[in-house]
Amino acid sequence: EIKTELNDASKTEVFACPVCYEPLIRKGPPGMNLPAIYRSGFKCSKCNKSFTSKDVFLDLTVTSGIKEYSELKPARTELFRSPLVSFLYERGWRQNFNRSGFPGRDEEFQSVAGGILVDVSCGSGLFSRKFASSGAYSSVIALDFSENMLRQCYDYIKQEETPMNT
């Protein structure tokens, strides 16, 4: 993280603008924990697009801040945006993976200690929480296309003290 001359603004190499891919300028409290990120605002210095927290997640999509947006969305991507699927994911759906030959949560988790870990397509945060609780990473960033999965991830994180503060 590189501090700038502005009050509490900083340029971070962690988050990039989805429009022009330049690093975002962050304004808000320091730290890479949930409370700090959710109280921060992000802005691209090149294209001036702003990104802020939306409910319990940071919206870094191209459509961030737009009231109306329409696009053809394939059913396979919309399935996981359903609040019902997000709710059921760790309450039965995920457990059925082992019947298809997938190893369990502990067997799938292999630690590669280091800096920032990005869990892309985190779903309900099953592995994101395990990564954060392991203490092997300086930060864990959970990303998902589904707002409802991110809300479910946040609900689980609130129940566990360790991931909330790391």
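As the structure is a computational prediction, the values presented were derived from the model and not from experiment. (Residues numbered from 1 in each chain as written. Predicted model: local features only at pLDDT ≥ 70, side-chain atom pairs only at ≥ 80, totals over all residues. Heavy atoms only, no water.)

Peer 1: What should I look at first to understand the environment of Leu117 in this one?
Peer 2: If you trace the backbone, Leu117 turns up in strand β8 (residues 114-120). What makes Leu117 buried here is its relative accessible area of 16%. Residues Leu117 and Tyr137, 20 residues apart in the sequence, show an inter-C-alpha distance of 6.6 Å. Apart from residues no more than four positions distant in its own chain, Leu117 is found in contact with Phe131, Tyr137, Ser139, Val140 and Ile141. (Helix = DSSP H or I, 4+ residues; strand = E, 2+ residues; numbered from the N terminus. Buried < 20%, exposed > 50% of the residue type's maximum accessible area, 1.4 Å probe, protein only. Contact = heavy atoms within 4.5 Å.)

Peer 1: For this particular structure, what's the right way to read a nonpolar patch on the surface?
Peer 2: On the surface, a nonpolar cluster with roughly 390 Å² of combined accessible area is contributed by Val14, Ile116, Val118, Val120 and Leu143. Within the secondary structure, Val118 sits in strand β8. (Patch = residues over 30% accessible without salt bridge, like charges linked within 9 Å, V, L, I, M, F, W, Y side chains within 5 Å. Areas by Shrake-Rupley, 256 points an atom, 1.4 Å probe, with all protein chains shown as cover. Salt bridge = Lys/Arg side-chain N within 4 Å of Asp/Glu carboxyl O.)

Peer 1: Looking at this structure, I do not really get unusual backbone geometry. What am I missing?
Peer 2: The phi torsion at Tyr21 lies on the positive side, around 70°, for a residue other than glycine. As for its position among the elements, Tyr21 is in the loop between β2 (9-16) and β3 (23-27). The backbone of Asn48 sits at a positive phi, close to 65°, despite the residue not being glycine. With respect to the helices, strands and loops of the structure, Asn48 is situated in the loop between β4 (41-44) and β5 (50-51).

Peer 1: Even after reading the chapter, I still don't get helix α6 (residues 147-159), so can you show me in this structure?
Peer 2: For an α-helix, the turn length of 3.6 residues means that residues three or four places apart are oriented alike. Compared with the 18 Å implied by 1.5 Å per residue over 13 residues, the 19 Å span of α6 between its first and last C-alpha is a close match. All of the buried residues along α6 are Asn148, Met149, Leu150, Gln152, Cys153, Tyr154, Tyr156 and Ile157. Two or three places before Asn148, at the opening of α6, Ser146 has a side-chain oxygen 3.3 Å from that residue's backbone nitrogen. (Expected span 1.5 Å × (residues − 1). Polar contact = N/O pair within 3.5 Å; in protein donor to acceptor, adjacent residues only side chain to side chain.)

Peer 1: I'm lost on the confidence of the model for the protein chain in this one. Help?
Peer 2: A low pLDDT means the predicted coordinates there should not be read in detail. A residue-level look at the protein chain finds 71% of positions with pLDDT of 70 or above and a mean pLDDT of 76. Averaged pLDDT values over the elements of the protein chain bottom out at 42 in strand β1 (residues 2-3) and peak at 89 in β3. (pLDDT = per-residue confidence, 0-100.)

Peer 1: Before we go on, may I ask you to explain the pattern of salt bridges in this structure?
Peer 2: Oppositely charged side chains can pair when the atoms bearing their charge come close. If you walk through the whole model with that rule in mind, you get two salt bridges. The residue Glu160 makes a salt bridge to Arg129 at a minimum N-O spacing of 3.0 Å. Residue Glu160 is located in the loop between α6 and α7 (161-164), and its partner Arg129 is located in helix α5 (residues 126-134); the two are separated by 31 residues in the primary sequence. A residue is classified by how much of its surface remains accessible, and Arg129, at 3% relative accessible area, is buried.

Peer 1: Where do I start with the side chain of Ser128 in this structure?
Peer 2: Topologically, Ser128 is positioned in helix α5. For Ser128, a relative accessible area of 4% puts it in the buried group. Each residue touching Ser128, except ones within four places of it in the same chain, is listed here: Asp119, Cys122, Val140 and Ala142.

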